[in-house]
Amino acid sequence: MERYYQQEIECASLDKIREIQSEKLVSQVRRVWDNVPYYRKKMEAKGVTPDDIKSVDDLHKLPFLSKSDLRDAYPYGLLGKPLKECVRIQSTSGTTGKRVVAFYTQHDIDLWEDCCARAIVAAGGTDEDVVQVSYGYGLFTGGPGLNGGSHKVGCLTIPTSSGNTDRQIMFINDLSTTILCCTPSYAAYLAERMKEMGLGPDEIPLKAGIFGAEAWTQEMRKSIEETLGIKAYDIYGLTELSGPGVAFECSAQSGMHINEDHFIPEIIDPETEEVLPIGEQGELVFTAIDKEAFPMLRYRTRDICRLSREKCPCGRTHIKMGKPMGRSDDMLIIRGVNVFPSQIETVLINNGYAANYLIVVDRVNNTDTFDVQVEMTPEMFTDNVGEIEARQKKLEQGLIAMLGIKAKVSLVAPKSIARSEGKAVRVIDKRKLI
Ligand code: DLL
């Protein structure tokens, strides 16, 4: 039987959802106009006032916000409430330029944690469960968000944060953790360690995982599910909009329901900024309709995906987003061809490798070089040069079939590529390091 954290709203009719969205949007736009001079100026520049926004149908009239606006307005320029009413900040893990600093009132924290609670219940969580939160705690939103959601559901919460892998496994076993929350790359690492320790899927108490914060493939999902003996659910979110829980997967495991009573999604063409019909692939844009402290209107996420209104067997009515292929910023253009790391991951896992790889791109004599280092699994490890060359060639052929361009594959020894405890770093683009 499907369980819900807030059934009435999670399963509301489309008419009801539209009604809620319209009502919240109208008052949010008014609030922002009155309190956020930065955005008001953008509205004025586009010739739009709050009187023009009467329902969700008018959303397209509003100007977009992008990461560069967040940089320009750093740190307080987009505050929707006096600082005195804010109770928390969180921040992105950005390594270049200014980080995004997002503010929260208590109301914002509550709605964020409700979203995470919905995700935990959708993954089968109840107050009988033991939830181990192995996302980082601190400025990163993963730990605090899932921690709050887990409390709301009444689960016993283990705030391990990320890292210290053997201790993570000790807690999983000693305290019979049933739900693990971490990045998919860390889940894969934990799975690898448990396998090495001789723990089979039947001996591991886990039943589910809630994995997100980075792009991961269906192939990776299958591999983690098999090794840990669990169901692995995707969860999506970003600091600017609160954190994890903007969207989450249900028992159908076929896309993530966007919490539409809080976030209105649109898909746009990233070049022309034209709004695309549901079903088409493009850049995801969100309007947060009841966040107070950091009220993002038409925020361009740079994440590329599709939306779907198909009826979901779980009974939830909120629109679903497909797996983001990665950020448009993560997309590599190599010899003119668009390449997402997730495409490479698919080829590797389909050929029996784990997702331990590193893509190195450089430019030599005006031509892009494209090298992929791939770790052999312990089972396939050999020093037979002929065998290694044959394997490399097979992977190169697989990559040509997937991408249309040639990569140079080098197989490396097991454990030689650094494991990730948070978001994995898969790409070194030396062309950008000049
Ligand atoms: O990663 C929030 C989060 C924490 C989500 C824990 C899920 C679980 P940021 O650090 O601001 O926030 O990074 C947000 O990460 O724009 C996507 O590009 C990427 N991302 C997040 N979830 C997914 C996912 C958190 N499930 C950025 N699949 C987003 C693919 C994801 N990419």
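Overview of the structure.

A few words now on the overall build of the protein. Looking only at helices and strands, the protein features 11 helices and 20 strands. Whereas a compact globule of 434 residues would reach a radius of gyration of roughly 22 Å, the protein reaches 22 Å, a difference of no more than 12%. Expressed as a percentage of the 434 residues in the protein, the buried residues total 54%. In the protein, 66% of the contacts between residues at least 6 apart in sequence involve partners at least 24 apart. On the protein, roughly 18800 Å² of surface is accessible, and the fraction owed to carbon and sulfur atoms is 51%. Between the averaged position of the 53 positive side-chain charges in the protein and that of its 62 negative side-chain charges there is a distance of 3 Å.

Turning our attention to the nonpolar core. Tyr236 and Met321 are the most contacted members of the largest nonpolar core, which totals 70 residues. Take this core: its biggest share by element is 9 residues, from helix H5 (residues 106-122). The contacts of Met321, once residues within four sequence positions are left out, are Tyr236, Ala247, Gly255, Met256, Ile258, Leu284, Cys305, Arg306 and Leu307. Counting 44 residues, the second largest nonpolar core, distinct from the first, contains Ile172, Ile344, Val347 and Ile405.

We now examine the sheet that holds strand S18 (residues 367-375). Taken together, 4 strands build an open sheet; the order of strands is S19-S18-S17-S20 and the sheet is mixed. Looking along the sheet, the strands with just one partner apiece sit at the ends: strand S19 (408-412) and strand S20 (427-429). Recorded for the sheet is a direction-independent mean angle of 20 degrees between the axes of neighbouring strands. Strand direction decides the pairing type here: S18 and S19, joined by 5 bridges, are parallel. Looking across to S19, one finds that Val374 is bridged to Leu411.

Attention now moves to the pattern of salt bridges. What the rule picks out here adds up to 32 salt bridges. Residue Arg193 is joined to Glu196 by a salt bridge in which the shortest nitrogen-to-oxygen separation is 2.9 Å. With Arg193 and Glu196 both in helix H8 (residues 184-196) and 3 residues apart, this pair spans about one turn of that helix. Residue Arg193 is classed as partly exposed on the basis of its relative accessible area, which comes to 22%. A residue is classified by how much of its surface remains accessible, and Glu196, at 39% relative accessible area, is partly exposed. Across the pair Glu249 and Arg221 runs a salt bridge, and its minimum N-O distance is 2.8 Å. You can see Glu249 sitting in strand S8 (residues 243-249) and its partner Arg221 sitting in helix H9 (residues 218-228), a full 28 residues away along the chain.

Before going further, it helps to spend a moment on helix H11 (residues 385-403). Taking 1.5 Å as the rise per residue, H11 with 19 residues should run 27 Å; its terminal C-alpha atoms sit 26 Å apart, in good agreement. Within H11 the residues assigned to the buried category are Ile388, Gln392, Leu395, Glu396, Leu399 and Leu403. For H11, the angular spread of buried residues about the axis comes to 105 degrees, placing them on one side. Exposed and oriented more than 90 degrees from the buried face of H11 are Lys393, Lys394 and Ala401. Looking at the buried positions of H11, the neighbouring elements they touch are strand S16 (337-339), helix H10 (341-350), S18 and S19. Its side-chain oxygen placed 3.0 Å from the backbone nitrogen of Gly386, Asn384 serves as the N-cap of H11. One or two steps after H11, the chain reaches Gly404, where phi turns positive at roughly 85 degrees.

Conventions used here
- Residues numbered from 1 in each chain as written.
- Predicted model: local features only at pLDDT ≥ 70, side-chain atom pairs only at ≥ 80, totals over all residues.
- Heavy atoms only, no water.
- Helix = DSSP H or I, 4+ residues; strand = E, 2+ residues; numbered from the N terminus.
- Rg over C-alpha atoms; globule rule 2.2 N^0.38 Å.
- Buried < 20%, exposed > 50% of the residue type's maximum accessible area, 1.4 Å probe, protein only.
- Contact = heavy atoms within 4.5 Å.
- Areas by Shrake-Rupley, 256 points an atom, 1.4 Å probe, with all protein chains shown as cover.
- Lys, Arg positive; Asp, Glu negative; His and termini not counted.
- Charge placed at Lys NZ, Arg CZ, Asp CG, Glu CD.
- Core = buried A, V, L, I, M, F, W, Y, C linked by side-chain atoms within 4.5 Å.
- Pairing = 2+ DSSP bridges.
- Axes fitted to C-alpha atoms, helices over the stretch in contact; angles between N-to-C directions.
- Salt bridge = Lys/Arg side-chain N within 4 Å of Asp/Glu carboxyl O.
- Expected span 1.5 Å × (residues − 1).
- Arc of directions from axis to C-beta.
- Polar contact = N/O pair within 3.5 Å; in protein donor to acceptor, adjacent residues only side chain to side chain.

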